[in-house]
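Spelled out, the chains give:
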Amino acid sequence: MKVAVAGASGLIGSALVRQLRSSGHEVVRLVRDLKARADSTRYWNPATGDIDDDAFAGVDGVVNLAGAGIGDRRWSERRKRELRLSRVDATELLVEAMGAAPTPPAVLVAGSAVGYYGDRGDEVLDEQSGPGTGFLAALSADWEAAAAGAESAGIRVALARTGLVAADNAPFLTRMLPLFKLGLGGPLGPGQQWWPWISLEDEVRALVFLLESDVSGPVNLCAPNPATNREFTRTLASVLRRPAALAVPRFGPRLLLGRELADGLLFSSTRAHPAALADAGFEFRHPDLRGALEEILR
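Just so you know, these numbers come straight off a predicted model, no measurement behind them.

Draft legend 1. Representation of the overall build of the chain. Helix and strand content of the chain: 10 helices and 14 strands. The C-alpha radius of gyration computed for the chain amounts to 19 Å, which stays within 12% of the reference 19 Å derived for 298 residues, consistent with globular compactness. Referenced to the eigenvectors of the C-alpha coordinate spread, the extents of the chain come out at roughly 60 × 40 × 40 Å. In the chain, buried positions account for 51% of the 298 residues.

Draft legend 2. Just unusual backbone geometry, in detail. A positive phi angle, close to 60 degrees, is found at Arg241, a residue other than glycine. Examined against the element boundaries, Arg241 turns out to sit in the loop between α6 (229-239) and α7 (251-257). A residue is classified by how much of its surface remains accessible, and Arg241, at 73% relative accessible area, is exposed.

Draft legend 3. Local environment of the sheet that holds strand β8 (residues 156-162). In spatial order, the strands read β4-β3-β2-β1-β5-β6-β8-β12; together these 8 strands make up an open sheet with mixed pairing. The sheet is open, and its two edges are formed by β4 (50-51) and β12 (217-221), each paired on a single side. Across 3 bridges, strand β2 (residues 26-31) lies against strand β3 (residues 41-45) in parallel orientation. Opposite Leu30, over in β3, you have Arg42 as the bridge partner.

Draft legend 4. The arrangement of the side chain of Arg161 in detail. The topology assignment puts Arg161 in strand β8. Engagement of the side chain of Arg161 in a polar contact is seen with the side chain of Glu144, the distance being 2.7 Å. With near-sequence residues (within four places) excluded, Arg161 lies in contact with Ser112, Ala113, Val114, Tyr116, Tyr117, Glu127, Glu144, Pro218, Val219, Asn220 and Leu221.

Draft legend 5. Up close: the pairing of β12. Burial runs high along β12: 4 of the 5 residues are buried. Sheet topology note: the β8/β12 ladder contains 5 bridges and is parallel. By the bridge assignment for β12, Leu159 is matched with Pro218.

Reading the values: the criteria
- Residues numbered from 1 in each chain as written.
- Predicted model: local features only at pLDDT ≥ 70, side-chain atom pairs only at ≥ 80, totals over all residues.
- Heavy atoms only, no water.
- Helix = DSSP H or I, 4+ residues; strand = E, 2+ residues; numbered from the N terminus.
- Rg over C-alpha atoms; globule rule 2.2 N^0.38 Å.
- Buried < 20%, exposed > 50% of the residue type's maximum accessible area, 1.4 Å probe, protein only.
- Pairing = 2+ DSSP bridges.
- Polar contact = N/O pair within 3.5 Å; in protein donor to acceptor, adjacent residues only side chain to side chain.
- Contact = heavy atoms within 4.5 Å.

It is worth stressing that arrangement in space is one thing and function is another; only the former is reported here.
Below, the structure written as structure tokens:
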């Protein structure tokens, strides 16, 4: 296949590009730097609404992973607008350009997030579960609606609702590791909130699977054995051979990150289950947290 990838320089995107090329696919990266243009790149800029006329010429599939870092800064009103532009507006630009291509791509694998479900406690959530409430849930719902617009051009759309991606250079893990290596790690608050996670290897394999299969609609990209925050921190500490007895009270992250961001990312409970992947026959290489962390941190 000839695959166009937006967000190709990020954690997931760069790994996906390597995997696609190693599997024999041709990759076209969408870039925002005019100086970086080459035969294997096309220019686009969601902020200005610009995209090369031939961005999707001869392209069979598109993977959209573009989006500003959700936990990089406090969620001020300005930051929220930036997050929305980088996801919803950017997706609308891609969908419009895909539909305008002489021969539209056959498939769009569109980035989304398990944040779609919001804070749901111990409720088991599959792809048939409805949206939650809060900023992340609303943002994810609008993000998916923008991607679904490609269906009017006859394009198959798979909505990749991704959980926490575990990798040695994943932002959330690199922030946790220094404290845990010092034996100062522990659960956040009561630690009962569910953290849906997936290894980077399985994330990339799942994205390629969605490109090559006939799956459409929402798909939870998270391991089949979810973990609570307490289980996650205990397992991480055990793999590092360190204690994890120091619980972090809610006020700390709220003070550091802002209440809305901390509650939306760290203390929100989303017990997501990858029902669509299981039904389609996808097999995880890292179904269990301990095995995944041991391989990642080895």
